[in-house]
Structure formats: structure tokens, C-alpha cells
Amino acid sequence: MKKRMLGFVSCIAMISLNVNVLAQQVTIDSAVRPAAYKLRYGMFKSYPNSTKDIIFLGNSITQGVDWAELLQNPNCKNRGISGDITYGVLKRLSEVTEGKPAKVFVLIGINDIEHNIPDTLIVNNYRRIIRQIKAESPKTKIYFHTLLPVNNEFTQFKKHYNKDEHIAFVNTELKKIAAEEKITLIDLHPHFLDASNKLDKRYTQDGLHLNADGYQVWAGILKQYL
């Protein structure tokens, strides 16, 4: 009986050890970058800077429109990279701040959620982005957008769908950070919801990205901040 108990205890200890080892091996790949990252980042660095610049910083949702055309403002510059995450923005943020732009509008985070980066890390990266802009370009006005809703009735971006709880948590925390850091929060999320609390089909072609009508809604929201 004693030998059986010792064997059982040893087995439990081994299981516990294996669980701990596996837990230690679970890491966040903060270095993941989209294929176009190097090319677009290189292009951004080659462009001239101006203190009149109005920078739109983010992922494919930001990249998907010509901001100067949409807003009829030649000072608007597109710094979106399709597939980018908050860590990618932090990596290239100095390219934005070195020109001491007048304003920076940020929308980032949905791809972090798709990559299963913990919500708390996403929120912490928001704070890091804000504080880096403040440190490197103190006169720049900072605007952060809440994440847009998604719509799981489409099929093209399945890993982005059904993440409503994560989106809600991140947006709630972002509002707190904006108040604490005294930056402007632009709450896009409710403007794009349908009756089922999904991204309205009128504004999207794939349940994740915006179409022309969606960008027109966004442009209307932005007018008061320009």
C-alpha cells in the first residue's frame, strides 16, 4: 500500500511538473509582422515630414482608404499597414513622431485579438503608444478610436469573428485610458452596429473591413476633430 501511494504521489508530481513546463513555454509572439510591413515601413520612412501632418495610424482598416481624398485635406497621411498589431505600431512609432505631426489618429488592436494576444497586453500597449507619442512629440494631439464591431455572417476572416467580448473589454479599458491620459477618444463602435450588435452589412464587404459607405460614416465622425 505504501509503495502504491508513493507511486501515485510521484505521478502527480510529474504531471504538475509537465504542466508548469508547458505553461512556461506559452509565449506571446510580439514579433509577428505582416508580409507588407517591411515594404510599407520603408516607404513611410522615405516620405518627407511636416508639422502640419495629420497621421492616420493603424492596420488594414486604416490602410484601405486615401485619407487626403476622403477628408479633402492634403495634410492627411496614411500610415496603415494591413495585418499590423499594437507591437508593430510600437516598433514603427518613432517614424511617426520624428516629424512632430499636428495630429495622430490611431485605430489598432483587432489583429491582436485575432492572434489571441491577451486583452490586458493590448490595453497596456495602448498606454505605451500614447506615452511614447507624448514623450517624443509633446505638441502632437492624440486621438484614439475604439475598435469597430465585426460580423460573423461572413466567412472571409473567421479568426476575427465571434470576438465581441474581447472587443467590448478593450474598448471599455481604452475609454478609461483616454480619460486618464487626457487624450481624445473617438467612439466609432456604436456608429457601425446593426440591430443585432454586429458590424452593419451596409458598411462592409467581408464582416471586418469597411466599404465606401463605411468610410463616409467615419469621415462624418471625424469632421469635428479636423
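This structure is a prediction, so every number in the text was calculated from the model and none was measured. (Residues numbered from 1 in each chain as written. Predicted model: local features only at pLDDT ≥ 70, side-chain atom pairs only at ≥ 80, totals over all residues. Heavy atoms only, no water.)

Chemist: What am I meant to see in the pattern of salt bridges here?
Modeler: A side chain with one charge can pair with a side chain of the opposite charge if their charged atoms come near. Per the counting criterion, the structure on display carries twelve salt bridges. Measuring nitrogen to oxygen at the nearest pair gives 2.9 Å for the salt bridge that ties Asp 53 to Lys 77. Here Asp 53 is found in the loop between helix 2 (37-46) and strand 1 (54-58), whereas its partner Lys 77 is found in strand 2 (residues 76-80), with 24 residues between them in sequence. With relative accessibility at 3%, the residue Asp 53 sits in the buried group. (Salt bridge = Lys/Arg side-chain N within 4 Å of Asp/Glu carboxyl O. Helix = DSSP H or I, 4+ residues; strand = E, 2+ residues; numbered from the N terminus. Buried < 20%, exposed > 50% of the residue type's maximum accessible area, 1.4 Å probe, protein only.)

Chemist: What is the right way to read the environment of Asn 125 from this model?
Modeler: By the secondary structure assignment, Asn 125 is in helix 7 (residues 119-136). Along the chain, Asn 125 and Leu 90 lie 35 residues apart, while their C-alpha atoms are 7.9 Å from each other. Among the polar contacts made by the side chain of Asn 125, one reaches the side chain of Thr 86 at a distance of 2.8 Å. (Polar contact = N/O pair within 3.5 Å; in protein donor to acceptor, adjacent residues only side chain to side chain.)

Chemist: Teacher, can you tell me more about the pairing of strand 2 here?
Modeler: Two faces make up the sheet, and in a regular strand the side chains alternate between them. Counted residue by residue, strand 2 has four buried out of five residues, so it is predominantly covered. Of the pairings in the sheet, the one linking strand 1 to strand 2 comprises five bridges and is parallel in character. If you follow Ile 54 over to strand 2, its bridge partner there is Cys 76. (Pairing = 2+ DSSP bridges.)

Chemist: Can you help me understand the packing of aromatic side chains in this one?
Modeler: One pair of aromatic rings is described through two measures. These are the centre distance and the angle between the planes. Enumeration according to the criterion identifies ten aromatic pairs in this entry. Summarising the aromatic geometry, the rings of Phe 192 and Tyr 203 are spaced 5.6 Å apart at their centres and angled 80° between planes, so their arrangement reads as edge-to-face. Of this pair, Phe 192 sits in the loop between strand 5 (184-186) and helix 9 (212-222) while Tyr 203 sits in the loop between strand 5 and helix 9, and the two are eleven residues apart along the sequence. Residue classification places Phe 192 among the buried residues on the basis of a relative accessible area of 0%. The exposure class assigned to Tyr 203 is buried, which follows from its relative accessible area of 13%. On the numbers, 6.1 Å between centres and 10° between planes, the contact of Tyr 215 with Trp 218 is stacked. A residue pair is termed a helical-turn pair when its members lie 3 or 4 positions apart in one helix, as Tyr 215 and Trp 218 do in helix 9 at three residues. (Phe/Tyr/Trp six-rings, centres within 6.5 Å; stacked < 30°, edge-to-face > 60°.)

Chemist: Just to check I follow, could you spell out the packing of helix 5 (residues 86-97) against helix 7 for this structure?
Modeler: Two packed helices can be described by the angle between their axes and the distance between those axes. Between helix 5 and helix 7, the shortest axis-to-axis distance is 10 Å and the interhelical angle comes to 5°. What the angle tells us is that helix 5 and helix 7 run roughly parallel. Facing helix 5, whose interface residues are Thr 86, Tyr 87, Val 89, Leu 90, Leu 93, Ser 94 and Thr 97, helix 7 presents Leu 121, Ile 122, Asn 125, Tyr 126, Arg 128, Ile 129, Gln 132, Ile 133 and Glu 136. Looking at side-chain class alone, the contact of helix 5 with helix 7 contains nine nonpolar, five polar and two charged residues. (Axes fitted to C-alpha atoms, helices over the stretch in contact; angles between N-to-C directions. Parallel < 35°, antiparallel > 145°, perpendicular 65-115°, else oblique. Contact = heavy atoms within 4.5 Å. Nonpolar A, V, L, I, M, F, W, Y, C, P; charged D, E, K, R; others polar.)

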